[in-house]
Amino acid sequence: MGSGYMAPILAELAGMRPRAAHTVESLCSSGTNAIVSGYAHVASGLADVVLVSGAEIRDTPGRILWWDDSRGQFKHPVYWASLLTSGYKRAFGVSDDDLAVVPTRAYANAGSNPDALRPEAAPTVEDVAGSRRLTGDLRLLDCSRPCTGGASILITSEDVAGRYTDDPVLIAGIGQSVTSAGFAKHPELSRIVSARMACRDALRMAGSRNGGAGGATLSMSDVDVAEIHDAFSVCEPMILEALGMAEPGRGAAVSRELYETASRRVNPRGGLIGSGHPLGATGLAQAAEVARQLWRQARGRQADNPEVGLVHNMAAAGTSSTALVMVR
Amino acid sequence: MNPVLSEFEQAIGRGLFRVPECIECGAAVWPPSEFCSVCLGGVRLGTRYGDGDGKMLRGRIVECSMEIPAGRLAGGSAKSPFFCLVAFECGIRLIARFVAPTPPAPGDLVALSSCGMSPNGSGYAFEVSTPDAPEDPAGPANM
Ligand SMILES: [Zn+2]
């Protein structure tokens, strides 16, 4: 939020006296990385109960990675998004029209999310295609919007969860991956490698925890609902491909199928594009949505009987990703 | 500010690009830093480009796009709307404005034609253009 010492400030403002309060910063994936920190505190025995909160103000300066001088003067996120979009379209022969279904679906889903920052009427594919051009590869409606927002989740040990709920959701798997900090060192402009690595590791951890011995893993076919980091239109197909939910180059076609079948399996709340992207709060909002989905409390946007949920949250053009597997 | 960075910025402020190189292993260190990211060796500024002695920092376009209108967010006089990720032969990759009569395409050979501090205060600014010299017969490199 542009202020240091946020966690103690928040604790004081909320009238809490926690034993410890610290801040986690990791650009757009601060939220899930804070969840990982909370999980680690509980798993190590350092804490029994951790409140993880993310908050952001609309004009936060934190959305630009000033350190990355390899971006020259092109530091605003629309530039990396344009180069990824260009790279993806060229690698797979995908068109801007193919990608227009992503925001169309996002806003359609956001229509049943009362917490979303969304327009009165969901834009159509034609509205997306006709929205203002920011670059040769990006239209205004392809972009998630920075906004003011907040989200919190409570993490407890299994021993004390009963104090707060009869129906806890378990964080069964965590995966993290960093390929670089600078955009110019992105391994490939048509794939988000960190997403694949982080989700694979989270599914593997959840699988072994699930009673499977020696390398047992869950697969995406076990995942009933997923929140993925669609910061820009092209991110959704790239992440669907990284997760193995689509063959390389087929992600936009899978987005279209999800749209045409009104599926709520991916980004039921509208994703970042449909809901708004309050950076530090986004990963927490994603995890909160998966918990609601697992509890079957996502009114009007409920996925079909989900048992296993996945969160994918990333930062700085997908140079790093964090993934969570959550089960009820 | 560390001495390497300070020297690098003094040079770039005068339009000179000096490749930060590891004293131990020779790797190009980019963005400039006090230590090599390969071996943690010390860094010095190596070859100078842009002082008219004929040396060209050459590379190839990895990917490109154009901003509409030119200069809307990236600032500056915006001579051209095109920007591209370039992989230079020295191992450095960066995003530069592309200034040439014809639009860029991935794989095109380019050379660093100017560098300086960004007029919008966002750090360095680079321009590449199509080099006058004949193409390297070895063909595409460092993609
Ligand atoms: Zn070295």
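You'll find the structure just up there.
Quick caveat: nothing in here was measured; it's all calculated off a predicted structure.

On to the overall build of chain B. From N to C terminus, chain B includes 1 helix and 7 strands. In sequence order, chain B lays out its α and β elements as α-β-β-β-β-β-β-β. The buried share of chain B, reckoned over its 143 residues, is 49%. Taking contacts inside chain B between residues at least 6 apart in sequence as the whole, the part at least 24 apart equals 52%. Split by element, the accessible area of chain B, about 6400 Å² in all, is 53% carbon and sulfur.

All names here are of chain A. Inspection of the entire model under this criterion finds 22 salt bridges over all chains. A salt bridge links Arg 292 to Glu 289, with the nearest nitrogen and oxygen atoms 3.6 Å apart. Placement of both Arg 292 and Glu 289 in helix α11 (residues 279–294) is noted, with a separation of 3 residues, approximately one turn of the helix. With a relative accessible area of 1%, Glu 289 lands in the buried category. If you follow the salt bridges from partner to partner, you end up with Lys 89, Asp 96, Arg 133 and Asp 137 in one network.

Turning our attention to the pairing of strand β3 (residues 58–66) of chain B. All names here are of chain B. Taken across its 9 residues, β3 has 8 buried, putting it largely inside the fold. As judged from the 7 bridges shared by β3 and strand β4 (residues 82–88), these two strands associate in the antiparallel manner. Opposite Met 66, over in β4, you have Phe 82 as the bridge partner.

Of note, Asp 137 of chain A is situated in the loop between β2 (133–135) and β3 (138–139). For Asp 137 of chain A, a relative accessible area of 11% corresponds to the buried category. Contacts of Asp 137 of chain A, omitting those with residues within four sequence positions, involve Ser 82, Thr 85, Ser 86, Lys 89 and Asp 96 of chain A together with Cys 64 and Ser 65 of chain B.

Geometry sets the ideal angles at a metal, namely 109.5 degrees for four tetrahedral donors and 90 or 180 degrees for six octahedral donors. All names here are of chain B. For the zinc ion, the full set of protein donor atoms is Cys 22 (SG), Cys 25 (SG), Cys 36 (SG) and Cys 39 (SG), and the range of their distances to it is 2.3 to 2.4 Å. For the zinc ion, the 4 donor atoms in the first shell make angles of 97 to 119° at the metal, so the coordination geometry reads as tetrahedral. One chain supplies every donor for the zinc ion, spaced along it as C-x2-C-x10-C-x2-C. Remark: Cys 36 occurs in the loop between β1 (17–22) and β2 (43–49) and Cys 22 occurs in strand β1; sequence separation between them is 14 residues.

Moving on, we come to the interface of chain A and chain B. Counting residues at the interface gives 28 residues for chain A and 28 residues for chain B. Taken over both partners, the interface formed by chain A and chain B buries close to 2400 Å², and the fraction arising from carbon and sulfur atoms is 59%. If you sort the residues of chain A by the area they bury against chain B, Gln 73, Phe 74 and Leu 83 of chain A come out on top, with a joint share of 27%. Counting the contacts that link chain A with chain B gives 1 salt bridge. Across the pair Glu 63 of chain B and Arg 90 of chain A runs a salt bridge whose closest N-O atoms are separated by 2.9 Å. Counting across the chain A and chain B interface gives 12 residue pairs in polar contact (both at pLDDT 80 or more). Where the side of chain A that touches chain B is concerned, the elements lending two or more residues are α3 (77–92) and β2 of chain A.

Definitions and cut-offs
Residues numbered from 1 in each chain as written. Chains lettered and ligands numbered in written order. Predicted model: local features only at pLDDT ≥ 70, side-chain atom pairs only at ≥ 80, totals over all residues. Heavy atoms only, no water. Helix = DSSP H or I, 4+ residues; strand = E, 2+ residues; numbered from the N terminus. Buried < 20%, exposed > 50% of the residue type's maximum accessible area, 1.4 Å probe, protein only. Contact = heavy atoms within 4.5 Å. Areas by Shrake-Rupley, 256 points an atom, 1.4 Å probe, with all protein chains shown as cover. Salt bridge = Lys/Arg side-chain N within 4 Å of Asp/Glu carboxyl O. Pairing = 2+ DSSP bridges. Donors = N, O, S within 2.8 Å, 3.2 Å for Na, K, Ca; no water. Tetrahedral: all angles 85-135°; square planar, octahedral: opposite > 155°, others 65-115°. Buried area = accessible area lost by both parts, 1.4 Å probe. Polar contact = N/O pair within 3.5 Å; in protein donor to acceptor, adjacent residues only side chain to side chain.

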